[in-house]
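Observations on the model geometry
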Amino acid sequence: MTTQRTLSIIKPDAVKNDKIGAITMRFEAAGLRVIAAKMEKLTLKQAQDFYAVHKDRPFFNDLVAFICSGPVMIQVLEGPNAILLNRSLMGATDPKQAAAGTIRADFAESIDKNAVHGSDSIETAKQEIAFFFTEAQCFSRA
Ligand code: GDP
């Protein structure tokens, strides 16, 4: 198993609903360690840059407005196959399609307000981690 890092964002809906602890417990129980963390309210510019890959999608403005609507908990997770493991813990993008027991099935309301973000590839994870954290801010215990 390859040790990887991935970026997780606990989105404004889950922060508002006091689910930071419940969601982080799932990461840790699955073997994903939190090696960096900060709580922030993203600016419009940060959100537009972070989600630039989606800029031509019809839901882009709603997505950016939502992620800026309240504080988010941003974490770097490290562990065996962290990227795919986190995606499986998260469940499908649309909580209605998400498997039972996944974070989105349990904590998300809708495809817009879907509780968590997680990097979807090695390349994306690298970029997304560097977007929020320096190497010196990541406290690896691998
Ligand atoms: P993720 O990797 O599962 O978060 O999904 P994507 O990277 O494809 O999309 C980023 C985010 O945009 C998702 O988490 C959703 O909140 C939102 N999103 C994606 N597809 C749709 C859609 O068809 N409609 C709406 N309203 N939002 C969407």
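Residues numbered from 1 in each chain as written. Predicted model: local features only at pLDDT ≥ 70, side-chain atom pairs only at ≥ 80, totals over all residues. Heavy atoms only, no water.

- The protein chain is annotated in an unreviewed UniProt entry as Nucleoside diphosphate kinase of Candidatus Rickettsiella viridis.
- The UniProt entry for the protein chain carries this comment under Subcellular location (unreviewed entry): "Cytoplasm".
- Regarding the protein chain, the UniProt comment filed under Function (unreviewed entry) reads as follows: "Major role in the synthesis of nucleoside triphosphates other than ATP. The ATP gamma phosphate is transferred to the NDP beta phosphate via a ping-pong mechanism, using a phosphorylated active-site intermediate." (UniProt positions renumbered as here; feature names shortened; annotations may be inferred.)

**Details of unusual backbone geometry**
- Although it is not a glycine, Asn81 sits at a positive phi angle of roughly 45°.
- Mapped onto the fold, Asn81 is located in the loop between strand E3 (72-80) and helix H5 (82-90).
- In this structure Asn81 comes out as partly exposed when scored by relative accessible area, which is 29%.
- In this structure, Ala115 is a non-glycine residue whose phi angle is positive, near 75°. (Helix = DSSP H or I, 4+ residues; strand = E, 2+ residues; numbered from the N terminus. Buried < 20%, exposed > 50% of the residue type's maximum accessible area, 1.4 Å probe, protein only.)

**As for the UniProt feature "binding site: ATP" (unreviewed entry) in the protein chain**
- UniProt's feature table lists "binding site: ATP" (unreviewed entry) at Lys11, Phe59, Arg87, Thr93, Arg104 and Asn114, given in the numbering used throughout.
- With respect to the helices, strands and loops of the structure, Phe59 is situated in the loop between helix H3 (44-50) and helix H4 (60-67).
- Assessed through its relative accessible area of 32%, Phe59 is described here as partly exposed.
- Locating Asn114 in the fold gives a position in the loop between helix H6 (103-107) and strand E4 (116-118).
- Beyond its immediate stretch of four places on either side in the chain, Asn114 contacts Lys11, Asp13, Thr93, Pro95, Arg104 and Ala108.
- From its side chain, Asn114 meets the backbone oxygen of Thr93 in a polar contact 3.1 Å long. (Contact = heavy atoms within 4.5 Å. Polar contact = N/O pair within 3.5 Å; in protein donor to acceptor, adjacent residues only side chain to side chain.)

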